[in-house]
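Per-entry structural report
One letter stands for each residue in the lines below.
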Amino acid sequence: MRYSREQLIEAVSSQMPEKRWLHTQGVMETAVQLAHQYGADSEKADLAAILHDVAKYWPVVKLKEVLVENGLNDELLEHDKQLWHAEVGAFVAEKDYGITDQEVLNAIRYHTSGRVQMTLLEKIVCLADYMEPGRDFPGVNNIRELAKHSLEEALAAGLDSTISFLLSRKQVIYPLTVLARNDLIKQLEANS
Ligand code: DGI
Ligand code: FE
Ligand code: FE
């Protein structure tokens with residue numbers, strides 16, 4: 001079946017607690033605003049934002065099952081479970097909700113880690129996830145300020161904050177997160 005926007009919202013919001021749905025609404029609003037600011041497709045930004053955390057509250061065993069049974073990115077299984085909802089989210093957006101737009105699916109897939117050579121839409125959704133109005137972590141206001149003039153600077157600062165957080169907790173860092181951050185720094189250097 002094809003889901004209308006309202007049906008998608010109903011389906012997604014019913015799979016998460018109220019506070020996560022409020023976060024998702026913040027990401028929708030911020031992603032659409034960034035899409036207007038940076039010249040991306042705001043409907044795609046809205047759609048990716050609605051679905052980005054659809055699998056966030058799925059039980060870990062269920063996330064693992066989806067990854068294993070569908071042969072999705074086995075490297076992820078070696079890394080933090082917190083990363084799994086992004087890959088699974090993209091999978092269910094396609095399989096359960098009929099999203100066929102690869103740009104939207106990739107914006108969901110890479111919203112947690114980022115990747116090398118991120119598209120404009122991927123950058124926007126990943127950054128909106130960091131800076132939506134409900135977010136409150138050290139450095140978030142700096143990210144919001146940077147976003148006023150540079151998508152890449154703001155997103156690099158977001159990824160830096162994740163990397164610092166993981167370092168401070170002596171946690172494993174998913175290599176793609178570091179590669180994504182380095183790639184943004186290179187893009188900034190190339191444009192300076
Ligand atoms: O799902 P959200 O909470 O809205 O945000 P997210 O999808 O960016 O998930 C962030 C979580 O993922 C946060 O608890 C940190 C965790 N995480 C664990 N390892 C990594 C990681 N995030 C990134 N970007 N890279 C990692 O290597
Ligand atoms: Fe997420
Ligand atoms: Fe999120």
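Presented here is a report on the structure given in the accompanying data block. (Residues numbered from 1 in each chain as written. Chains lettered and ligands numbered in written order. Predicted model: local features only at pLDDT ≥ 70, side-chain atom pairs only at ≥ 80, totals over all residues. Heavy atoms only, no water.)

By the element assignment, H149 lies in the loop between α8 (140-147) and α9 (151-168). The class for H149 is exposed, based on a relative accessible area of 53%. Counting along the chain gives 30 residues from H149 to L179, while the straight-line C-alpha distance between them is 23 Å. (Helix = DSSP H or I, 4+ residues; strand = E, 2+ residues; numbered from the N terminus. Buried < 20%, exposed > 50% of the residue type's maximum accessible area, 1.4 Å probe, protein only.)

Before going further, it helps to examine the coordination of the iron ion (ligand 2). Listed as protein donors to the iron ion (ligand 2) are D53 (OD), H85 (NE2) and H111 (NE2); their distances from the metal cover 2.1 Å. Within one chain, the residues donating to the iron ion (ligand 2) are spaced in sequence as D-x31-H-x25-H. Between the two metals, the iron ion (ligand 2) and the iron ion (ligand 3), the spacing is 3.5 Å, and D53 donates to both. Of the two residues, H85 sits in helix α5 (residues 84-95) while H111 sits in the loop between α6 (102-109) and α7 (120-131), which places them 26 residues apart along the sequence. An identical accessibility class is assigned to H85 and H111; each is buried. (Donors = N, O, S within 2.8 Å, 3.2 Å for Na, K, Ca; no water.)

Moving on, we get to helix α2 (residues 18-38). Note: α-helices contain 3.6 residues per turn, so residues at a spacing of three or four share the same orientation. The end-to-end C-alpha distance of α2 is 30 Å, a good match for the 30 Å that 21 residues give at a rise of 1.5 Å each. Listing the buried residues of α2 in full gives R20, W21, H23, T24, G26, V27, M28, T30, A31, L34 and A35. The elements touched by buried residues of α2 are α1 (5-13), α3 (42-51), α7 and α8. Looking one or two places after α2, you find G39, whose phi comes out positive at around 75°. (Expected span 1.5 Å × (residues − 1). Contact = heavy atoms within 4.5 Å.)

All right, on to the nonpolar core then. With 61 residues, the main nonpolar core has L51, V88, Y97, I99, L127 and L155 as its most contacted residues. Ranked by residues supplied to this core, first place goes to α7 with 8 residues. Not counting residues within four places of it along the chain, the set of residues in contact with L127 comprises L34, I143, A147, L151, A154 and L155. (Core = buried A, V, L, I, M, F, W, Y, C linked by side-chain atoms within 4.5 Å.)

When two helices pack together, their arrangement is given by the angle between the helix axes and the distance between those axes. With their axes 10 Å apart at the nearest point, helix α4 (residues 60-69) and α5 run at an angle of 60° to one another. By the angle between their directions, the pair α4 and α5 is classed as oblique. Judged by the sense of rotation from one axis to the other, the crossing of α4 with α5 is left-handed. Residues V60, L63, K64, V66 and L67 of α4 form the contact with α5, whose participating residues are W84, H85, E87, V88 and F91. In terms of residue class, the contact of α4 with α5 is built from 7 nonpolar, 1 polar and 2 charged. (Axes fitted to C-alpha atoms, helices over the stretch in contact; angles between N-to-C directions. Parallel < 35°, antiparallel > 145°, perpendicular 65-115°, else oblique. Left-handed = near helix turned anticlockwise from the far one by under 90°. Nonpolar A, V, L, I, M, F, W, Y, C, P; charged D, E, K, R; others polar.)

Protein coordination at the iron ion (ligand 3): the donors are H23 (NE2), H52 (NE2), D53 (OD) and D129 (OD), at 2.2 Å from the metal. One chain supplies every donor to the iron ion (ligand 3), and in sequence these donors are spaced H-x28-H-D-x75-D.

So, on to unusual backbone geometry. A positive phi angle, close to 60°, is found at Q117, a residue other than glycine. Mapped onto the elements, Q117 comes out in the loop between α6 and α7. Backbone geometry at K170 places phi at a positive 55°, although glycine is not the residue there. When you line up the elements, K170 lands in the loop between α9 and α10 (175-190). Classification of K170 as exposed rests on a relative accessible area of 78%.

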